Amino acid sequence: MFLFPTNHSNDYRLEGRLVGHKNAINCLVVSRNGSMLASGGCDGMRIWDLKRRIQLPIPPQTPAVRNPADSVTCACWITRHEATRETLCYGTGLGFIGIWQQQGEGLHDFDAKVLRRIGTGKEIMCLTYDHTGEDTRIASGTRDRVFNVELATTIPRTINFNRAANRNILVFGMYDGEIHTLRGTDGVIIATNNAGPLIGYASVDTAQTLFLMDNVMNGFSLHRLDDAVCIRTYNTNPVKTFPKQVAFGGKATLVVGGSDAGVIYIFDKNEGTLKQVLQHADTGRVQTVTTYDGTHHSLIFGATSMNDMEPTISIWSRKQDTVAKSADRPLSALKNFVRGIAQLAIAMALIAYVLGQYNTFSLVALENAWQEYSKFGDRPQDLTDDVRFLLEKYIEDQRRGEGHERARSSVKTSKHDERVKSIILGSEKLQEDMHAVILLGS
């Protein structure tokens, strides 16, 4: 079976490559504001300034603690909304957790705050964090346990905090395809579902209703989070069963995943069609992938996952679909202008209708006309606030007798031999429920 991408006018384009790693790259994570990229691999952790496309200085670490042969396996940015400094947390193959934090005047430097071995020193497979109130919790999944809870048959491949009030932890098992829900307070397993025989990697959407996974066998698949039922598959026909990272992209409209053929696949999430193939290298594994959706651009990152090739990080970008929104702004302004004119004409027409039908001013007639207008299904609330306020205040003032003599004098000095023949208040649709007001001349 061959994969043919469909044409798309807004394709991702290669923006550049980052070079600096000496060995395979295992993880990529983008900071909250999209300004920095953290990459970890067999030669340690690195942070990149994405605007300037340069590597930031690596904080000094104690040689006795940091083993140069200890590869970084996973990482996550710890985001606190009120914080001005970014914090990076990473895990290693020898079971160490490291925490770096921004410092310095320009926040281009990082300081190594923590480097500590956890548990029995098994490889840290995945990391995640949860920030609620004043507390920040970090959960790690190692080859022997998660959250200090030993799972008999499960090696965690991905973990994720449930953003609901209970703050439970979701654990995606690598070799058994099981998804465990651990209670956030004590780690007790409260639910288990099965998504298939293997999970090479998993990614949960922002709404926490769906998750993507690399099923290792034929590509990627989309599942419901509550029961792990498969909704759709995205076939990539992998040559070898290496686990590959997969992520939501394009504001959760795309499925982006790696391959063992030097490329990154982009699928339409809902239709399942292949939209684009990004060329990272001629051959080799591209198991490491991540995405970022900014205000103006959507980014895809892919990295070399083999030691026998030059390790690089590729960056692709496309503009967010803001052209249509921008084009709608002048039309929206025109709609509002026409709507305001139409509504002002309605108010003026009501007064003109009453003054034209009666030689003497009648407040009751004006109120009756106002009620008749409402019967057309166009509520007074549909008028702009200013017009509605003026008209209703006018009625109220007349009821109290304020300005009654001025209105009577105006009626006497005006000529009403020719009356308004008809006022048609239409309710047909003009774009967004604007009213058609047709005033037939006197």
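Keep in mind that this is a model prediction, so the values were computed, not measured.

## A word on the sheet that holds strand S3 (residues 36–41)
So, step 1. A sheet is described by the order of its strands in space; here four strands give the open sequence S2-S3-S4-S5, paired in antiparallel fashion. For this open sheet the edge positions go to strand S2 (25–30) and strand S5 (54–55), each flanked by a neighbour on one side alone.
So, step 2. Pairing analysis gives six bridges linking S3 to strand S4 (residues 44–49), with the strands arranged antiparallel. By the bridge assignment, Met-36 is partnered in S4 with Asp-49.

## Re the nonpolar core
So, step 1. Counting residues in each nonpolar core, the largest one holds 14 residues, and the members touching the most others are Met-45, Ile-47, Trp-77 and Leu-88.
So, step 2. The set of elements that each furnish at least two residues to this core consists of S2, S3, S4, strand S6 (72–78) and strand S7 (87–92).
So, step 3. Residue contributions to this core peak at three residues, all from S6.
So, step 4. One finds Tyr-292, Leu-299, Ile-313 and Ile-315 within the second-largest nonpolar core, a separate group that totals 13 residues.

## Some thoughts on the state of the cysteines
Put plainly, a disulfide is one covalent bond tying together the sulfur atoms of two cysteines.
So, step 1. Throughout the structure, instances matching the rule amount to zero disulfides.
So, step 2. Among the cysteines around Cys-27, which has no disulfide bond, Cys-74 carries the closest sulfur, lying 6.6 Å off.
So, step 3. Considering cysteine sulfurs only, Cys-89 is the nearest to Cys-76, which forms no disulfide, with 4.9 Å between them.
So, step 4. Residue Cys-76 is classed as buried on the basis of its relative accessible area of 9%.

## What to know about unusual backbone geometry
So, step 1. A positive phi angle is found at Gln-208, which is not glycine, with a value near 55°.
So, step 2. Relative to the helices and strands, Gln-208 is located in the loop between strand S16 (201–204) and strand S17 (210–214).
So, step 3. Even without a glycine there, the phi angle at Ala-228 is positive, about 65°.
So, step 4. Mapped onto the secondary structure, Ala-228 falls in the loop between strand S18 (219–224) and strand S19 (230–235).
So, step 5. A relative accessible area of 5% places Ala-228 in the buried class.

## Some remarks on the sheet that holds S16
Across a sheet, strands are paired by hydrogen bonds formed along the backbone, either parallel or antiparallel in direction.
So, step 1. With antiparallel pairing, the four strands of this open sheet are ordered in space as S16-S17-S18-S19. Looking at strand neighbours, the two that pair on one side only are S16 and S19, the edges of this open sheet. Shown here is a sheet whose adjacent strand axes are inclined to one another by a mean of 20°, direction ignored.

## Some thoughts on the pattern of salt bridges
So, step 1. Summed over all chains, the structure comprises 10 salt bridges.
So, step 2. Across the salt bridge formed by Asp-49 and Arg-52, the nearest N and O atoms sit 3.0 Å from each other.
So, step 3. A relative accessible area of 10% means that Asp-49 is categorised as buried.
So, step 4. Here Arg-52 falls in the partly exposed class, since its relative accessible area comes to 43%.
So, step 5. Linking Asp-130 and Arg-137 is a salt bridge whose minimum nitrogen-to-oxygen distance equals 3.8 Å.
So, step 6. Note on Arg-137: relative accessible area 27%, which makes it partly exposed.
So, step 7. Each of Asp-130, Arg-137 and Arg-167 takes part in one network of salt bridges that share partners.

Thresholds applied
- For every chain, the first residue of the written sequence is number 1, and numbering continues from 1 onward in sequence order.
- Only residues with pLDDT of at least 70 are given local features in this predicted model, and only at 80 or more are side-chain atom pairs given and counted; all residues enter the totals for whole chains, interfaces and linings.
- The side-chain figures draw on all heavy atoms in the structure; neither hydrogens nor water molecules are used.
- A pair of strands is treated as paired once DSSP finds two or more bridges between them.
- Each helix is a run of DSSP H or I of at least 4 residues and each strand a run of E of at least 2, with the numbering of both proceeding from the N terminus.
- Put simply, buried Ala, Val, Leu, Ile, Met, Phe, Trp, Tyr and Cys residues joined by side-chain atoms within 4.5 Å make one nonpolar core.
- The cut-offs for exposure are 20% and 50% of the maximum accessible area for each residue type, with area from a 1.4 Å probe on protein chains only; residues under the lower value are buried, those over the upper are exposed, and the others partly exposed.
- Working definition: a disulfide is two cysteine sulfur atoms within 2.5 Å of each other.
- In this analysis an axis means a line fitted to C-alpha atoms, helices contributing only their contacting stretch, and an angle means the value between N-to-C directions, from 0 to 180 degrees.
- Salt bridges are defined by distance alone: a side-chain nitrogen of Lys or Arg within 4 Å of a carboxyl oxygen of Asp or Glu.

Any functional reading would require information that these geometric values do not contain.
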